[in-house]
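Chains, contacts and geometry: an overview
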Amino acid sequence: MKRVTATGREWKGTRLVMALIALFIGGYVSVRIALHVASLIDPGRLVPVSGADILSAIPLILVLHLLGMALVRSFPIREAVAWYSVFFFVRIFVAVLLSQTFQFDDERAFHYAGLEQVYGIISFEAGRAYYHLVNALYGVFGANILLPKMVNAFVGSLLPFFAFDIARWLFGDRKAGWRAFLFTGLLPPFIIFSAVNLKEIATGFLLVLLAWILANPKTGYTRRLVGSGICIFVLYWLRGAPLAMVGTLGVFSYYIVSMRLRFSSFLKGALVVGLGALLSVYLLGQIQQTVWSRVTQEEYFIKRFSESQATVTRFLDVEDPLDRRNLAVLFLRGLFSPSPLRFLMDYGIDTQLEALNMLTWYVLCPLAVIGVLAYRRSRAVVACATIVVGVLIMALVGVMVGSDPYRHRMIAMGLVGILACGGLRRDVASRFRWVTWLWILGVVGFTGLWFTARFG
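Structural notes, computed from the coordinates. Predicted, not measured: the structure shown is a model, and the values here were computed from it.

Here we come to the packing of helix 8 (residues 174-186) against helix 19 (residues 413-422). Contact geometry for helix 8 and helix 19: axes closest at 8 Å, N-to-C directions at 145 degrees. Note on packing geometry: the crossing formed by helix 8 with helix 19 is right-handed. Contacts between helix 8 and helix 19 involve Ala176, Arg179, Ala180, Phe183 and Thr184 from the first element and Gly414, Gly417, Ile418 and Cys421 from the second. A class-by-class count of the residues in the contact of helix 8 with helix 19 yields 5 nonpolar, 3 polar and 1 charged.

Mapping Val382 onto the fold places it in helix 17 (residues 379-397). Spatially, the C-alpha atoms of Val382 and Ser253 are 6.8 Å apart, while their sequence positions differ by 129 residues. In contact with Val382, not counting residues within four places along its chain, are Ser253, Val257 and Arg376.

Taken as a whole and judged by the stated rule, the model has 30 aromatic pairs. Each ring, one from Phe75 and one from Phe161, has its centre 5.7 Å from the other, and the planes form 50 degrees; the classification is tilted. Of this pair, Phe75 sits in the loop between helix 3 (58-72) and helix 4 (80-101) while Phe161 sits in helix 7 (residues 146-171), placing them 86 residues apart in sequence. Judged by its relative accessible area of 9%, Phe75 is buried.

Within the secondary structure layout, Thr101 lies in helix 4. Among the polar contacts made by the side chain of Thr101, one reaches the main-chain carbonyl oxygen of Leu97 at a distance of 3.0 Å.

Another point: the nonpolar core. One finds Phe161, Leu170, Trp361, Leu415 and Ile418 to be the most contacted residues of the largest nonpolar core, which totals 126 residues. A total of 17 residues in this core trace back to one element, the largest contributor, which is helix 7. Once you skip the residues sitting within four places of it in the chain, Trp361 turns out to touch Leu335, Pro366, Leu392, Arg409, Met413, Val416 and Trp439. If you look at the next biggest cluster of nonpolar residues, it comprises 7 residues, including Phe305, Leu316, Leu330 and Val401.

Taking 1.5 Å as the rise per residue, helix 3 with 15 residues should run 21 Å; its terminal C-alpha atoms sit 21 Å apart, in good agreement. Taken as a whole, helix 3 has its buried residues at Leu60, Ile61, Leu64, His65, Gly68, Met69 and Val72. Buried residues of helix 3 fall within an arc of 165 degrees about the axis and therefore sit on the same side. With respect to the buried face of helix 3, the exposed residues turned more than 90 degrees away are Leu66 and Ala70. Turning to helix 3, the residues buried within the fold contact helix 4, helix 6 (129-141) and helix 7.

Attention now goes to helix 21 (residues 433-455). Helix length check: helix 21, at 23 residues, gives a terminal C-alpha distance of 33 Å against a target of 33 Å (1.5 Å per residue), a fit within 8%. Of the positions making up helix 21, those classed as buried are Val435, Trp439, Val443, Phe446, Thr447, Trp450 and Ala453. Tucked inside the fold, the buried residues of helix 21 contact helix 15 (324-336) and helix 16 (349-374).

Here we come to the layout of surface pockets. Of the pockets and cavities examined, the second largest pocket occupies roughly 470 Å³. Every residue lining the second largest pocket is counted, 21 residues in all, and those nearest its centre are Leu335, Cys365, Val369, Leu392 and Trp439. Each residue belonging to the lining of the second largest pocket can be placed in one class, and the counts come to 21 nonpolar, no polar and no charged.

Turning to empty space enclosed by the protein, a few remarks are in order. For the structure on display, the rule yields 1 cavity of 30 Å³ or more. Forming the boundary of the largest cavity are Pro189, Phe193, Asn357, Met358, Trp361, Tyr406, Arg409, Met410 and Met413. Sorting elements by how many residues they give to the lining of the largest cavity places helix 16 first, with 3 residues. Of the residues in the lining of the largest cavity, the class split is 7 nonpolar, 1 polar and 1 charged.

Overall, the coordinates contain 9 salt bridges when judged by the stated rule. The salt bridge involving Glu125 is made with Arg128; its shortest N-O contact spans 3.2 Å. Taking relative accessible area as the criterion, Glu125 reaches 46% and is therefore assigned partly exposed. Take Arg128: its relative accessible area is 16%, and that puts it in the buried class. Residue Arg407 is joined to Glu200 by a salt bridge in which the shortest nitrogen-to-oxygen separation is 3.7 Å.

What counts and how
Residues numbered from 1 in each chain as written. Predicted model: local features only at pLDDT ≥ 70, side-chain atom pairs only at ≥ 80, totals over all residues. Heavy atoms only, no water. Axes fitted to C-alpha atoms, helices over the stretch in contact; angles between N-to-C directions. Helix = DSSP H or I, 4+ residues; strand = E, 2+ residues; numbered from the N terminus. Left-handed = near helix turned anticlockwise from the far one by under 90°. Contact = heavy atoms within 4.5 Å. Nonpolar A, V, L, I, M, F, W, Y, C, P; charged D, E, K, R; others polar. Phe/Tyr/Trp six-rings, centres within 6.5 Å; stacked < 30°, edge-to-face > 60°. Buried < 20%, exposed > 50% of the residue type's maximum accessible area, 1.4 Å probe, protein only. Polar contact = N/O pair within 3.5 Å; in protein donor to acceptor, adjacent residues only side chain to side chain. Core = buried A, V, L, I, M, F, W, Y, C linked by side-chain atoms within 4.5 Å. Expected span 1.5 Å × (residues − 1). Arc of directions from axis to C-beta. 1 Å grid on protein atoms, 1.4 Å probe; cavity = no way out; pocket = protein on both sides within 12 Å on 5 of 7 lines; lining within 4 Å. Points joined across faces, edges and corners; volume = space filled by probe spheres on them. Salt bridge = Lys/Arg side-chain N within 4 Å of Asp/Glu carboxyl O.

This is how it looks when you write it as structure tokens:
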């Protein structure tokens, strides 16, 4: 008994020593990371956030948390409220952390626009909704940049529940639903863009909601049509004609496939396609006006493109922004840019966040392509794919008119994460292995060109 007791005491002592060593190492690493991050902070890029601002955001946090708990109870997910709480408070924590360390340039622009009420109290013109949201939050709770971040955290925490439904409907597999749920709930891009004062996560949520309405097998013709119309209007109000056009094309493609698959739906589909065509003509006119103005008249956008220091400009004709070669180069480059390895040369919090987001894109994109190819006969899959391609074209080739491939690609990430779940099945991945190898070849080729252009 004495030997056993002595051995037990020795084992406890060893565990205590190991725990102390691990604690010391963990503390040392944490301090080094904290000091490194602190050295990268640029106070000039931050809107100051105080402890009082954090406290004043608590009432809105509580309201949004209660509202979210009520909404997610209708989804067929065990412990839905607990999952929602995890997603929500992780995003709240990251929002507060980023407020002290890093903010995108446009976050400050939205903040100051909210202070000045640049578009008045309310208007329904294109692209105004987010400004009015910030105005309303500041009017009720006081000027505090954390408030719109809390709303984005709320929206980003709801997105995984709709992704769960869409994936299980599209692929007939509850496991696919869980993958989509975890992807959109826990992967870095979905957390980071839910924790900043930008429109990306709200726009991405609207596209997922539009896909949810189209894919829902219990939604009737009238409710699907009305729901889609509301989503497209809110997209127009939030982001203007380009995103409304993308949503319209998604609905358009859904009903085109419906007409092909089911003759009984031909007349209903033809009506929607006709309405979609009229709406597309109207939106296309607005888009053409905007593009023409920005490439020929608006000095800010002209200089931004012609005087850009980006490496890709050496392959472009800056005198003719809309040249077809430019569009092809920008699209191919945008699929892989920015490189996740950029943080090795350009130190900054932004490049480290960028690396996390791009690594996620590198993994999900080929899986999403495989998912689309494998389930291409599904009208809802075709609609999701159409929306994703539309967003990518807008984000990648629209550099000359102000698009940002890195940020605006995020708008499609919710649907990309859902479609990727269809490409994760072993038999499907094996059948379309060539997509993975082609993607790897593209990544290696782009990285090689990037290193050559950077150091050559």
